[in-house]
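Chain residues, written in single-letter form:
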Amino acid sequence: MSLNSVRPWRNIYRRKSRQIMVGSVPVGGDAPITVQTMTNTLTPDVKATIAQVQAAAEAGADIVRISVPDQDSSRALKEIVRESPVPIVADIHFHYKRGVEAAEAGAACLRINPGNIGDESRVKEVIKAARDNKCSIRIGVNAGSLEKHLLEKYGEPCPEAMVESGLDHIKILEDNDFHEFKISCKASDVFLAAAAYQALAEATDAPIHLGITEAGGLTSGTIKSAIGLGNLLWMGIGDTIRVSLSADPVEEVKVGYEILKSLGLRHRGVNIISCPSCARQGFDVIKTVEALEQRLEHIKTPMSLSIIGCVVNGPGEALMTDVGFTGGGAGSGMVYLAGKQSHKLSNDQMIDHIVEQVEKKAAELSAEEAAAAEAAE
């Protein structure tokens, strides 16, 4: 993240981690924080799984994880990987052969716990397959599935137990001279997850995958994830994230991006700044914002749009956005472009006109970015 000398209170100093590759996507170091999700289709249903991967990628997912619990899933994975527009992480539990098969099928990363897949010889087979196929590994510690000896030692899932589990798994990989790994230590309890991640961040320089596991439905899970992940990201912890919701994977991607956008860590698409509306509103703010969110989903260029119902805060918000609309009286409002008053507009023309202005501005910004990139070459 670039530092802000004018507003230093907005600066986030990211934890220094080493960088690994998940397929073509860098994770850790100074790479952008990536957004992940996971398919919930049956993996052998190749058509449905590919469709879900593509939808997630279109929504902005950088990486998608797929469960590989059996041989049928391993066989399907090869075709899924071939059709996927983003790197695929194979989710492996217990059976080491699935890990070997997934690496050979082209998975960019294996999500495993090395200590859960058998004796040392089996672990070495998975590591060899990962190395031979340029496949990274994510160590996935979860409060709900800690090793029995750690639960006996600590009495219950706690930050110390989770970090010890993670470090034990790291040692297995490092003892086998394998260093292309990242690590997570998820819990459904926000406090437990946050404490474990903070301790883990101090104990290793490995890239960290953030998540509040089993966070809940769309609304409750979004709130829990925003609190847990938001605080950790604000502290500079986290190199890649997954928001776990009992909802469409596309919603996980949207929430993940919104969390990153709110902290200035990633920018994609239109950031709509809107008021909650009140009796002062000069138009129906809620319905307008709902319509604009749908109509502007196709915009990928980072930009800002303010939709404010009245002149109390509207002009001030519009000063800081690319496009703005502030409600007025007599069925019309004011359009702002690049922070300046531009022209009046009737409410009944508002949505179509704002979409037109946003699309025009997005095209301008994209052209400027392309020109700058060409000049830098």
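Structure's up top.
Residues numbered from 1 in each chain as written. Predicted model: local features only at pLDDT ≥ 70, side-chain atom pairs only at ≥ 80, totals over all residues. Heavy atoms only, no water.

### Digging into the overall build of the protein chain
Just so we agree on the cut-off: For helices the rule is a DSSP run of H or I covering at least 4 residues; for strands it is a run of E covering at least 2, with both sets numbered from the N terminus onward. For the radius of gyration, the atoms used are the C-alpha atoms, and the globule rule reads 2.2 Å times the number of residues raised to 0.38. The classification of residues rests on relative accessible area computed with a 1.4 Å probe and restricted to protein chains. Under 20% of the type maximum is buried, over 50% is exposed, and intermediate values are partly exposed. The contact definition used throughout considers only heavy atoms, calling two residues in contact when any of these lie within 4.5 Å. Two residue types count as positive, namely Lys and Arg, and two as negative, namely Asp and Glu; His and chain ends fall outside the count. A charge is said to be at NZ when it belongs to Lys, at CZ for Arg, at CG for Asp and at CD for Glu.
Regarding its fold elements, the protein chain presents 12 helices and 15 strands. At 23 Å, the protein chain has a C-alpha radius of gyration in line with the 21 Å of a compact globule built from 377 residues. Counting every position in the protein chain, which comprises 377 residues, the buried fraction comes to 51%. Partitioning the intrachain contacts of the protein chain with sequence separation of at least 6 by distance along the chain shows that 63% fall at a separation of at least 24. Positive and negative charge centroids in the protein chain, built from 39 and 49 side chains respectively, lie 1 Å apart.

### Quick word on the sheet that holds strand E12 (residues 303-308)
Counted only if it meets this: Paired strands are those between which DSSP finds at least two bridges. Axis definition: a line fitted to C-alpha atoms, limited for helices to the stretch in contact. Angles are taken between N-to-C directions and run from 0 to 180 degrees.
Spatially, five strands are ordered E11-E12-E13-E14-E15 in an open sheet, and the strand pairing comes out mixed. The open sheet has two free edges, formed respectively by strand E11 (270-274) and strand E15 (340-346), since each of these has just one partner strand. Strand-to-strand, the axes of this sheet are offset by a mean angle of 20 degrees, without reference to chain direction. Bridge analysis of E12 against strand E13 (residues 323-327) gives four bridges, and the strand direction is parallel. Each residue of the ladder has a partner; that of Ile308, found in E13, is Thr326. In the packing of helix H10 (residues 285-295) onto the sheet, contacts are made with E11 and E12, and the angle to E12 comes to roughly 160 degrees. Helix H12 (residues 350-376) rests against E11, E12, E13, strand E14 (332-337) and E15 of the sheet, and its axis sits at about 160 degrees to E12.

### Some points on unusual backbone geometry
Among all residues except glycine, the phi angle is most often negative; among peptide bonds, the trans geometry is most common. Phi angles above zero are rare outside glycine, and Phe94 is one such case at about 75 degrees. Examined against the element boundaries, Phe94 turns out to sit in the loop between strand E5 (88-91) and helix H3 (96-104). Within the chain, Ser277 stands out as a residue other than glycine whose phi angle is a positive 80 degrees. By secondary structure assignment, the location of Ser277 is in the loop between E11 and H10.

### A few points about the environment of Glu58
Position of Glu58 relative to the elements: it lies in helix H1 (residues 46-59). In this structure, the C-alpha to C-alpha distance between Glu58 and His298, residues 240 residues apart in sequence, is 9.1 Å.

### With respect to helix H9 (residues 249-262)
For clarity, the cut-off: Expected helix span is given by 1.5 Å per residue-to-residue step, counting one fewer step than there are residues.
The end-to-end C-alpha distance of H9, which contains 14 residues, comes to 20 Å, matching closely the 20 Å that a straight helix rising 1.5 Å per residue would cover. H9 sits mainly inside the fold: 10 of its 14 residues count as buried. On its buried face, H9 is in contact with strand E3 (34-38), H1, helix H8 (218-234), strand E10 (240-242) and E11. Just downstream of H9 lies Gly264, where phi reads positive at about 70 degrees.

### With respect to the nonpolar core
Applicable threshold: Nonpolar core, defined: a set of buried Ala, Val, Leu, Ile, Met, Phe, Trp, Tyr and Cys residues in which side-chain atoms within 4.5 Å join the residues together.
Ranked by size, the top nonpolar core spans 79 residues in total, and within it Leu77, Leu110, Met162, Leu210 and Leu233 carry the most contacts. Sort the elements by how many residues they give to this core and helix H7 (residues 190-203) lands first, with eight residues. Listed in part, the 19 residues of the second largest apolar core include Val270, Phe325, Leu345 and Ile354.

### Some points on the packing of aromatic side chains
The description of two aromatic rings rests on the distance between their centres and on the angle between their planes. The following threshold applies: Working definition: rings of Phe, Tyr and Trp (its six-membered ring) pair if their centres are within 6.5 Å, and the pair is stacked with planes under 30 degrees apart, edge-to-face with planes over 60 apart, and tilted otherwise. The rule is short: NZ of Lys or CZ of Arg within 6 Å of the ring centre and within 35 degrees of the ring normal puts a charge over the ring.
Tallying each qualifying case throughout the model produces one aromatic pair. Relative to Phe325, the ring of Phe283 has its centre 5.3 Å away and its plane inclined at 70 degrees; by these criteria the two rings are edge-to-face. Taken together, the residues span a long stretch of sequence, with Phe283 in the loop between E11 and H10 and Phe325 in strand E13 at a distance of 42 residues. A relative accessible area of 0% means that Phe325 is categorised as buried. The ring of Phe181 is capped by Arg18, whose NZ or CZ atom sits 4.5 Å from the centre of that ring. Over the ring of Tyr257 we find Arg268; its NZ or CZ atom is 5.7 Å from the centre of that ring.

### Looking at the sheet that holds strand E4 (residues 63-67)
Ordered in space as E8-E7-E6-E5-E4-E3-E10-E9, the eight strands form an open sheet in which the pairing is parallel. Edge strands, defined here as strands with exactly one partner in the open sheet, are strand E8 (181-186) and strand E9 (209-210). Judged from the four bridges that link them, E4 and E5 form a sheet pairing that is parallel. Following the sheet pairing, Ser67 is matched in E5 by Asp91. The strands touched by H9 are E3 and E10; relative to E3, the strand with the most contacts, the crossing angle is about 160 degrees.

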